[in-house]
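Below, each chain spelled out in residue letters.
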Amino acid sequence: MPEETNRLRENGRSRAGFDEKDRMLLRLLAQDATRSYADMGAQVHLSPPAVHERVKRLKRDGYIKATVALLDGEKIGRPLLSFIHVDTTGWGAKSPMRALSELEEVEEIHTVTGDTCVILKVRMPGTQALEDLLARIYRIEGVKGTRSYVALSSYLERGPT
């Protein structure tokens, strides 16, 4: 039995085939997904073809869900970043969640613990647009109330590393 536990990591990889070089590649891609395989390889001490194969495996195995562009809210006309806490009649209720996900201003939806059910991340052109969005949210069946928090500035926005 102790032998089995000692073999959890072979060649530096866990059973799932994920190692520290993979984590470093994910960190680099999260910072800038347009990096070349050669650039990433130089930073993690792998050849460009080895990096390419690892990135393909990370995509295939679901570590990389999508490759997206991080947009500048100010430049695209949505400088007002807000977080809206939404209280619903049932925690994680399906109907309100579907309706909230159809609102184009909503960037993220998270079910959470604590004194609210759901937190939305939204970007708006201004306060009037935020007020209009709140009115639409209140019309969704199952929504009991909201609390809004406007971000004055953002010091850090990044994904998991």
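Below is a short write-up of the structure. Given the structure is predicted, the values throughout are model-derived calculations rather than measurements.

On the secondary structure map, Ala50 appears in helix H4 (residues 48–60). Here the alpha-carbon distance between Ala50 and Ala38, two residues 12 residues apart in the chain, equals 9.7 Å.

Before going further, it helps to examine the packing of helix H2 (residues 20–31) against H4. At a closest axis distance of 11 Å, the pairing of H2 and H4 adopts a crossing angle of 85 degrees. Here H2 is positioned roughly perpendicular relative to H4, judged by the angle of their axes. Contacts from Lys21, Asp22, Leu25, Leu26 and Leu29 in H2 reach Val51, Arg54, Val55, Arg57 and Leu58 in H4. A per-class count over the contact of H2 with H4 returns 6 nonpolar, no polar and 4 charged.

Below, the discussion takes up the pairing of strand S3 (residues 118–124). Burial of S3 is extensive: 6 of the 7 residues sit out of reach of the surface. Pairing between strand S1 (residues 80–88) and S3: 7 bridges, direction antiparallel. Within S3, the position partnered with Ser82 by the bridge is Val122. The pairing of strand S2 (residues 106–111) with S3 spans 5 bridges and is antiparallel. When the bridges of S3 are listed, Ile109 appears paired with Leu120. Hairpin connection from S2 to S3: 6 residues lie between these consecutive antiparallel strands, with Gly114 at a positive phi of about 110 degrees.

A word on unusual backbone geometry. Trans is the prevailing form of peptide bonds, just as negative phi is the prevailing case for residues other than glycine. A positive phi angle, near 65 degrees, is found at His45, a position not held by glycine. The exposure class assigned to His45 is exposed, which follows from its relative accessible area of 67%.

This part takes up the sheet that holds S3. If you trace the 4 strands from one edge of the open sheet to the other, you get S2-S3-S1-S4, paired in antiparallel fashion. Looking at strand neighbours, the two that pair on one side only are S2 and strand S4 (143–150), the edges of this open sheet. This sheet shows a mean twist of 20 degrees between the axes of neighbouring strands, independent of strand direction. Sitting on the sheet, helix H5 (residues 94–101) touches S1, S2 and S3, and the angle it makes with S2 is about 160 degrees. The strands touched by helix H6 (residues 127–138) within the sheet are S1, S3 and S4, with S4 carrying the most contacts at an inclination of about 160 degrees.

About the cut-offs
- Residues numbered from 1 in each chain as written.
- Predicted model: local features only at pLDDT ≥ 70, side-chain atom pairs only at ≥ 80, totals over all residues.
- Heavy atoms only, no water.
- Helix = DSSP H or I, 4+ residues; strand = E, 2+ residues; numbered from the N terminus.
- Axes fitted to C-alpha atoms, helices over the stretch in contact; angles between N-to-C directions.
- Parallel < 35°, antiparallel > 145°, perpendicular 65-115°, else oblique.
- Contact = heavy atoms within 4.5 Å.
- Nonpolar A, V, L, I, M, F, W, Y, C, P; charged D, E, K, R; others polar.
- Buried < 20%, exposed > 50% of the residue type's maximum accessible area, 1.4 Å probe, protein only.
- Pairing = 2+ DSSP bridges.

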